[in-house]
Amino acid sequence: MSQDINQVSQQRRRFIGAAAGAAAGAVAGAASAAGVVVAALSSSVAGNAEAAPRTEPVSDRHRWGMLIDTAKCADGCTACVDACDRENGLNLQSEPLGNDEEKWQNQRPVWIRKVKLQDNATGVVTNLPLMCQHCEHPPCVDVCPTGASFKRADGIVMVDRHTCIGCRYCIMACPYKARSFVHEPVEHKLTRAPRGMGCVESCNLCMHRLDEGQTTTACSDACAAGGHHAILFGDLKDPDSPLRQAMAAQPSRQIREELELNTGVRYAGL
Amino acid sequence: MSNLQPKPGGRAGVAPLVPLVLRFLGLSFLGLSWAGAAQASGVGDFVVESSRAAKLNNCVEPTEYMRRYHMEVIRHQRDTTVYGGIRSTKHSLAGCVDCHVGYDAQHEPVAINAKRQFCKRCHNYAAVTLNCFDCHATLPEGEGWNQVRLQVHDKRHMDASSQGHRTEHAKATLSGPSTAAAAAPEGRER
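For clarity, every value in this text was computed on a predicted model and none was experimentally measured.

A look at the overall build of chain A
So, step 1. Looking only at helices and strands, chain A features 10 helices and 10 strands.
So, step 2. Put simply, chain A has 270 residues, and 51% of those count as buried.
So, step 3. Taking contacts inside chain A between residues at least 6 apart in sequence as the whole, the part at least 24 apart equals 63%.

Written as structure tokens, this is what we have:
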């Protein structure tokens, strides 16, 4: 299945530079070819998989991903970052006494960063949230000496903090600067988001929500609640999902697609 | 003391585990047998009075089994959750905390690894040090991870605020949602 998703990106990569309309057509074509098999696979589980807490281990029936429409991402808005902080207890971290404020802001674990790009030739400014891109071929997993950095069957790239030794190779390997290291002991934490000094962590697509049958993330909810609808979360393997439909309707791309990581997070308008 | 000896009949299912676990437990296991007998006269005596567990009769597995093998149970659940995404409350660490955490006079939960609280009191005797609570919450808070648990939790807070008295509060949880919670995880296991 991953092959097919890959094909989507490779197909469209051949069209980079060609007219956007033609490229979008090719994506849609490849996508619906992939879809037939997916539909057959997922129909038997469709009933219980979405409604209730999970009772069977995650499988590769789904691959979770996001489409981020940079045109809708508002300048100065941090709704997604704030929601992520609250959902995953990142806002509970307290600055160590006597620490340099700037150093803390640089080191404090965050899962989403708002990035602002400016094209110096035209002056055009683009805003986007950047988080773990949930690569199909994640470099952070390749370099991890203990196997703590791993890709869950449903495509979520994450850290098993029980085996993470805090070496931070994965932080160096990640092209997106998506991972954080917890430098300080954490006093206050949420049951759903354990966190402690000495481990690496990053966006896990709100897997605690997915595992209990919800199919939204805190960031996409917050973005929609703010009226922006820039973040669309969904199943990359379900051809009928709003995510895939949106991907078929407009051109999108992976950041650093030359690395051929086949990211699960795609950006439109970039 | 006799409580802590394996019962041959009932232990058949775990027999292959025993040598491994014994090796794993090593001396501290023996240490616990004495200390436990000296301090707590019977199995279940470590349960904190104000906790939800104090109002229930059973742990998630037979108490004697839990006493000896809870670390295996938790570790298994850990990998099931982290790699398999299964968040059943039956063997989860979050579940232990939720049921075993004690409450103070103001109905506020007391950190489960605090002095004289459930996990800590016994571990002190057995000279066990855990780093689990460096990361894991020691109070039930922010449990969005399970709908059943979330409902029970919300309900309990409502009960607590509407009826100030602790024993009242305890009764309400026992007759109402908590019994459902104790049964629910069973139902969800395959």
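Focus: the nonpolar core
So, step 1. Of all hydrophobic cores here, the largest spans 45 residues; its most connected members are M66, M131 and Y267 of chain A.
So, step 2. Of all the secondary-structure elements, those providing two or more residues to this core are β1 (64-69), α4 (79-87), β3 (125-130), β5 (157-159), α8 (207-211), α9 (218-225), β8 (231-235) and β10 (265-268) of chain A.
So, step 3. Among residues more than four places away in sequence, those in contact with M131 of chain A are M66, I68, W111, I112, A178, C203, V265 and Y267 of chain A.
So, step 4. L93, V97, I112 and C119 of chain B belong to the second-largest nonpolar core, a separate cluster that totals seven residues.

Some points on the packing of aromatic side chains
So, step 1. The final tally for this structure, using the stated rule, is three aromatic pairs over all chains.
So, step 2. Ring geometry for W64 of chain A versus F233 of chain A: centroids 5.6 Å apart, planes at 15 degrees, classification stacked. Of this pair, W64 of chain A sits in strand β1 while F233 of chain A is found in strand β8, placing the two residues 169 residues apart along the sequence.
So, step 3. Residue class for W64 of chain A comes out buried when judged on its relative accessible area of 6%.
So, step 4. F233 of chain A gets classed as buried once you look at its relative accessible area, which sits at 10%.
So, step 5. The interplanar angle of 40 degrees and the centroid separation of 4.4 Å between the aromatic rings of F150 of chain A and Y83 of chain B together place this pair among those described as tilted. Pair noted here: F150 of chain A is in strand β4 (residues 149-151) and Y83 of chain B is in helix α2 (residues 63-84), and the two residues belong to different chains.
So, step 6. Over the face of the ring belonging to F181 of chain A we find R168 of chain A, whose NZ or CZ atom lies 3.8 Å from the ring centre.

Quick word on the side chain of E212 of chain A
So, step 1. Here E212 of chain A is to be found in the loop between α8 and α9.
So, step 2. Buried and without a salt bridge, E212 of chain A has R87 of chain B as its closest oppositely charged side chain, separated by 7.0 Å.

With respect to the interface of chain B and chain A
Quoted interface sizes are often the accessible area lost when the parts come together.
So, step 1. The interface of chain B with chain A comprises 24 residues on the first partner and 28 residues on the second.
So, step 2. Buried surface at the junction of chain B and chain A, both sides included, amounts to about 2,300 Å², of which 54% is carbon and sulfur.
So, step 3. Here chain B and chain A share one salt bridge between them.
So, step 4. For D211 of chain A, the salt bridge identified is with R87 of chain B, shortest N-O distance 2.7 Å.
So, step 5. Across the chain B-chain A interface, the total number found is seven residue pairs in polar contact (both at pLDDT 80 or more).
So, step 6. Among the elements of the structure, α2 and α5 (132-135) of chain B are those that each provide at least two residues to the side of chain B that touches chain A.
So, step 7. Take the side of chain B that touches chain A: its biggest share by element is four residues, from α2 of chain B.
So, step 8. In terms of residue class, the side of chain B that touches chain A is built from 10 nonpolar, seven polar and seven charged.

What to know about helix α10 (residues 242-249) of chain A
Residue and element names in this part refer to chain A.
So, step 1. Within α10 the residues assigned to the buried category are L243, R244, A246 and M247. The buried residues of α10 occupy an angular sector of 160 degrees when the element is viewed end-on, so they sit on one face. Opposite the buried face of α10, at more than 90 degrees from it, the exposed residues are P242 and A249.

About the thresholds
Residues numbered from 1 in each chain as written. Chains lettered and ligands numbered in written order. Predicted model: local features only at pLDDT ≥ 70, side-chain atom pairs only at ≥ 80, totals over all residues. Heavy atoms only, no water. Helix = DSSP H or I, 4+ residues; strand = E, 2+ residues; numbered from the N terminus. Buried < 20%, exposed > 50% of the residue type's maximum accessible area, 1.4 Å probe, protein only. Contact = heavy atoms within 4.5 Å. Core = buried A, V, L, I, M, F, W, Y, C linked by side-chain atoms within 4.5 Å. Phe/Tyr/Trp six-rings, centres within 6.5 Å; stacked < 30°, edge-to-face > 60°. Lys NZ or Arg CZ within 6 Å of the ring centre and 35° of its normal. Lys, Arg positive; Asp, Glu negative; His and termini not counted. Salt bridge = Lys/Arg side-chain N within 4 Å of Asp/Glu carboxyl O. Buried area = accessible area lost by both parts, 1.4 Å probe. Polar contact = N/O pair within 3.5 Å; in protein donor to acceptor, adjacent residues only side chain to side chain. Nonpolar A, V, L, I, M, F, W, Y, C, P; charged D, E, K, R; others polar. Arc of directions from axis to C-beta.

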